Amino acid sequence: GAEIIVVDDGSTDETATALADRGGMHVKRLPQNGGVGRACNRGAERARGRFLLFLNNDTEPRPGFLEPLVGALADDPRVAFAAPLLVYPDGTI
């Protein structure tokens, strides 16, 4: 199975309220924005899985994006990191 860890990096909008209504995930709320690196580290500290997937709040995953990434990590012990192709809304890479 998968675990979902959401790190709220000191948001000042309705994020805390929206996350309170969700079940099945661990929410870590940071008191102030410390940047994406700090937020990722806080989420990773809580993670217990074999693989970690970091998604920003503006990410829109497409069907089938995850399998090749996990496959690359699982198939070759020399591979420690895999990243998908990032495509912007206007279609540019």
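Residues numbered from 1 in each chain as written. Predicted model: local features only at pLDDT ≥ 70, side-chain atom pairs only at ≥ 80, totals over all residues. Heavy atoms only, no water.

Undergrad: I keep staring at the overall build of the protein chain and nothing clicks. Help me out?
TA: Within the protein chain, the secondary structure is distributed over three helices and two strands. Walking the protein chain from its N terminus toward its C terminus, one meets helices and strands in the order β-α-β-α-α. Based on the C-alpha atoms only, the size of the protein chain along its principal axes is roughly 40 × 35 × 25 Å. Taken across its 93 residues, the protein chain has 13% of its residues classed as buried. Across the protein chain, contacts joining residues at least 24 apart in sequence account for 24% of those joining residues at least 6 apart. In the structure as shown, the protein chain presents an accessible area of about 7600 Å², 53% of it carried by carbon and sulfur atoms. (Helix = DSSP H or I, 4+ residues; strand = E, 2+ residues; numbered from the N terminus. Buried < 20%, exposed > 50% of the residue type's maximum accessible area, 1.4 Å probe, protein only. Contact = heavy atoms within 4.5 Å. Areas by Shrake-Rupley, 256 points an atom, 1.4 Å probe, with all protein chains shown as cover.)

Undergrad: How should a nonpolar patch on the surface be read in this particular structure?
TA: On the surface, a nonpolar cluster with roughly 240 Å² of combined accessible area is contributed by Leu 53, Leu 55 and Leu 66. Mapped onto the elements, Leu 53 comes out in the loop between α2 (36-46) and α3 (66-75). (Patch = residues over 30% accessible without salt bridge, like charges linked within 9 Å, V, L, I, M, F, W, Y side chains within 5 Å. Salt bridge = Lys/Arg side-chain N within 4 Å of Asp/Glu carboxyl O.)

Undergrad: Honestly, the pairing of strand β1 (residues 5-9) in this entry has me stumped. Any pointers?
TA: Side chains on a regular strand alternate between the two faces of the sheet. Pairing analysis gives five bridges linking β1 to strand β2 (residues 26-30), with the strands arranged parallel. Its bridge partner lying in β2, Val 7 is registered against Lys 28. Each parallel crossover has a hand, and for β1 linked through helix α1 (residues 15-20) to β2 it is right-handed. (Pairing = 2+ DSSP bridges. Right-handed = clockwise from strand over helix to strand, strands pointing away.)

Undergrad: Explanation requested: the pattern of salt bridges in the structure shown.
TA: Close approach of charged atoms allows side chains of opposite charge to pair. Tallied over the entire structure, the rule returns five salt bridges. Its salt-bridge partner being Asp 9, residue Arg 38 comes within 3.9 Å of it at the nearest N-O pair. Here Arg 38 is found in helix α2, whereas its partner Asp 9 is found in strand β1, with 29 residues between them in sequence. The exposure class of Asp 9 is buried, given its relative accessible area of 16%. For Asp 76, the salt bridge identified is with Arg 78, shortest N-O distance 2.8 Å.

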